[in-house]
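Here is how the chains run, residue by residue.
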Amino acid sequence: MSASRKRTDSSSSSSSSSTFDESEDDSDEDVLERRAIREFDSKADQAASALLYAAELPRINNSAARNKPAAAATVLEYTEALNLFNRLHMCGLQQRALPSEFNPTLITSILNTVKPLFCSDASCLQLSSPVVLFGDIHGEFQQLAKLTDILGRPPGRSYLYLGDYVDRGPQSLETLLYLMLMKILHPTTTFVLRGNHEDRRVYRHFNFENDLMRIFGTSQGQSLSGLFATVLAYMPLCAIINGEVFCCHGGLSPHFNHNRFASCQKALVERINTLSKPVLFRRHDFVADLLWSDPLDLSDYQMPNLRALARTVDEWCDQRIRVIESQFGKAGSVSRARSQTSRVSNHSTMALANSENSKEPIATVVDWLPNPRGISYVFSRSALNEFMKRYKINWMVRGHMFVSNGFNESLGGRCMTLFSAADYAQKYHNTAAVLVIEGTTSSSSREFPGRIIQYTKNSLMGFGGSLPVETNRWPREIANRARVNY
């Protein structure tokens, strides 16, 4: 996600750049994101994403052979993994650098050990409460270690992480290794979803790959970057908690709301789980939407009804241009919308119609708009409602967007965006949050079946002790323990 957007509702979308042109007004982060997205338009990506990875692997493997980090690498024994996790955990609590024994050979061993665990996880996990959810972490390793210390380490506590562990923050490598070691030690209570930054096409344009080259040298750093890319492609993509809370990094896909994809929750899970691992996706796959799409909050106004369903790409583009103009004003919107929609002209025809099950196909509501990020879509409250009705889902939790108070409820309160990096990128003095889901609720209930725990960086790092084992005794805010009695 890009902090410069600060999109917590639909009104802020107007400030986001929708084109791929870099202007003087763009932030560095917006420019980097668009450069990354260009890779999704490469010829290799249009033909098949696997070609993009295949083009990298020979050079990666040759470099790895020269530096021999993989040759001596093995899988870790449990006691070795436990010692490494404890070392890393203490470094996070004491705010120290990565221990020197975490060399390329050891890191390769960690990757070799966690890869089959990610592979054995379903692409769509089915979990039960209680479970603690984290939003974007973005290299804030010290906060991650401190939160784990305060909330409780697995297996006494179950965790679901919603992606974006690397880039922008100061310790991307430590963050990934910490989560991988936790997964190795506690595979049935630690679940690590893939975010859009867990993709070499993206993180090579930010700081994760550069960090690897800075720490280990250019050759070994690039080799490790390729090895990470391979392992990250085995991560699960989404999860359903208690059969009612859908969790992912980005959001929904137009594919989901069509009978050709799935007709019930069981079929949805089975369809997503048919993906072959490693998951190598193209720009217009539903996988890209799970990692990249965003909600458009329509709580204050409704999209205008269109008089007819789009039957061609040109009609689809024109309709969305009219909607964008009505929402965000005409200035610049036509060129932005055409820039976006021209890049989805090879999308399957199922994305051209809005609601296959609409009872009034002559006056349907537009459910999807081109995403200002330049990839995937924004989805409306109507699209979310149709998804929930079809799959008997009551709530949605996702990350992917910066929210200044750590969480944001949108689309009628049924979609929660979670952000877990306080003082994001060392320049935004934001509050962060985690979410604990304790039980279930009925579809008619408007009370979310979970509790938000907020914190600032200072309050988190200055907190002493831990929270009670019973999550119903957790406070709404992690504050100085000297002032609050838990």
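What counts, and where the lines are drawn
- Residues numbered from 1 in each chain as written.
- Predicted model: local features only at pLDDT ≥ 70, side-chain atom pairs only at ≥ 80, totals over all residues.
- Heavy atoms only, no water.
- Helix = DSSP H or I, 4+ residues; strand = E, 2+ residues; numbered from the N terminus.
- Contact = heavy atoms within 4.5 Å.
- Areas by Shrake-Rupley, 256 points an atom, 1.4 Å probe, with all protein chains shown as cover.
- Pairing = 2+ DSSP bridges.
- Axes fitted to C-alpha atoms, helices over the stretch in contact; angles between N-to-C directions.
- Buried < 20%, exposed > 50% of the residue type's maximum accessible area, 1.4 Å probe, protein only.
- Expected span 1.5 Å × (residues − 1).
- Parallel < 35°, antiparallel > 145°, perpendicular 65-115°, else oblique.
- Left-handed = near helix turned anticlockwise from the far one by under 90°.
- Salt bridge = Lys/Arg side-chain N within 4 Å of Asp/Glu carboxyl O.
- UniProt positions renumbered as here; feature names shortened; annotations may be inferred.
- Core = buried A, V, L, I, M, F, W, Y, C linked by side-chain atoms within 4.5 Å.

### A look at the overall build of the protein chain
Then, number 1: Secondary structure assignment for the protein chain yields 16 helices and 14 strands.
Then, number 2: The contacts of the protein chain with a sequence gap of at least 6 include a subset with a gap of at least 24, amounting to 75%.
Then, number 3: Roughly 18,300 Å² of accessible area belongs to the protein chain as shown, and the carbon and sulfur atoms make up 49% of that amount.

### Digging into the sheet that holds strand E1 (residues 124–127)
Then, number 1: Pairing within the open sheet is mixed, and its six strands lie in the order E1-E5-E6-E10-E12-E11. At either margin of the open sheet sits one strand with a lone partner, and together these are E1 and strand E11 (407–410). Averaged over all neighbouring strand pairs, the angle between strand axes comes to 20 degrees, with direction disregarded.

### Brief notes about the pairing of strand E5 (residues 238–241)
Then, number 1: The alternating pattern of E5 places Cys238 and Ile240 on one face and Ala239 and Ile241 on the opposite face, and all of these are buried.
Then, number 2: Here E1 pairs with E5 via four bridges, running parallel. Along E5, the bridge assignment pairs Gln126 with Ile240.
Then, number 3: With four bridges connecting them, E5 and strand E6 (residues 245–248) associate as antiparallel partners. Residue pairing for E6: Cys238 is matched across the bridge by Cys248.

### Structural notes on helix H10 (residues 218–232)
Then, number 1: Counted at 1.5 Å a residue, the expected span for H10 with its 15 residues is 21 Å, and the 21 Å between its end C-alpha atoms agrees.
Then, number 2: Of the positions making up H10, those classed as buried are Gln220, Gly221, Ser223, Leu224, Ser225, Gly226, Phe228, Ala229, Val231 and Leu232.

### Focus: the sheet that holds strand E8 (residues 368–370)
Then, number 1: Taken in spatial order, the three strands of this open sheet run E7-E9-E8, and their pairing is mixed. Two strands bound the open sheet, and with one partner strand each, they are strand E7 (294–295) and E8.

### A closer look at the packing of helix H5 (residues 104–120) against helix H7 (residues 172–185)
Then, number 1: Direction vectors running N to C along H5 and H7 enclose 50 degrees, while the axes themselves pass 9 Å from each other. As far as their axial angle goes, H7 and H5 are oblique. Crossing handedness for the pair H5 and H7: left-handed. Every residue of H7 that contacts H5 at Ile107, Ile110, Leu111, Thr113, Val114, Leu117 and Phe118 is listed here: Leu173, Leu177, Met180, Leu181, Lys183 and Ile184.

### Notes on the pattern of salt bridges
Then, number 1: Taken as a whole, this structure holds 10 salt bridges when the rule is applied.
Then, number 2: With its nearest N and O atoms 2.7 Å apart, the salt bridge here joins Arg398 to Asp294. Placement of Arg398 in strand E10 (residues 395–398) and of Asp294 in strand E7 is noted, with a sequence separation of 104 residues between them.
Then, number 3: A relative accessible area of 0% means that Arg398 is categorised as buried.
Then, number 4: The buried category is assigned to Asp294, whose relative accessible area is 1%.
Then, number 5: Because the salt bridges share partners, they merge into one network encompassing Arg194, Asp199 and Arg201.

### Regarding the UniProt feature "domain: Serine/threonine specific protein phosphatases" (unreviewed entry) in the protein chain
Then, number 1: With numbering aligned to this structure, UniProt lists the feature "domain: Serine/threonine specific protein phosphatases" (unreviewed entry) at residues 193–198.
Then, number 2: The span residues 193–198 is 0% helix and 0% strand, and its two end C-alpha atoms sit 9 Å from each other.

### Overview of the packing of helix H6 (residues 141–151) against H7
Then, number 1: Two elements in contact, H6 and H7, have axes separated by 8 Å at closest approach and are oriented at 30 degrees. Here H7 runs roughly parallel to H6, going by the angle between their axes. Relative to H7, H6 is oriented so that their crossing is left-handed. Along its contact with H6, which presents Phe141, Leu144, Ala145 and Thr148, the element H7 presents Glu174, Thr175, Tyr178, Leu179 and Met182.

### Focus: the nonpolar core
Among soluble globular proteins, nonpolar side chains are generally buried collectively.
Then, number 1: By size, the foremost hydrophobic cluster in this structure holds 82 residues, and its most contacted members are Leu133, Leu160 and Phe228.
Then, number 2: Per-element accounting of this core gives the leading share, 10 residues, to H7.
Then, number 3: Setting aside chain neighbours within four positions, we find Leu133 in contact with Leu160, Leu162, Ile241, Cys247, Val397, Leu418, Val434, Leu435 and Ile437.
Then, number 4: If you look at the next biggest cluster of nonpolar residues, it comprises 36 residues, including Phe206, Leu237, Phe286 and Leu411.

### Looking at unusual backbone geometry
Generally, phi is negative for residues other than glycine and the peptide bonds are trans, each holding for most cases.
Then, number 1: Here the bond from Ser129 into Pro130 is cis, since omega is 0 degrees, no more than 30 degrees from zero.
Then, number 2: With respect to the helices and strands, Pro130 occurs in the loop between E1 and strand E2 (131–134).
Then, number 3: Residues Pro154 and Pro155 are joined by a peptide bond in cis, for which omega reads 10 degrees.
Then, number 4: Within the element layout of this structure, Pro155 appears in the loop between H6 and strand E3 (159–161).
Then, number 5: Here Asn242, not a glycine, exhibits a phi torsion of approximately 55 degrees, which is positive.
Then, number 6: Within the secondary structure, Asn242 sits in the loop between E5 and E6.
Then, number 7: By relative accessible area, which is 23% here, Asn242 ends up partly exposed.
Then, number 8: A positive phi angle, near 50 degrees, is found at Leu411, a position not held by glycine.
Then, number 9: The residue Leu411 is located in the loop between E11 and strand E12 (415–418) in this model.

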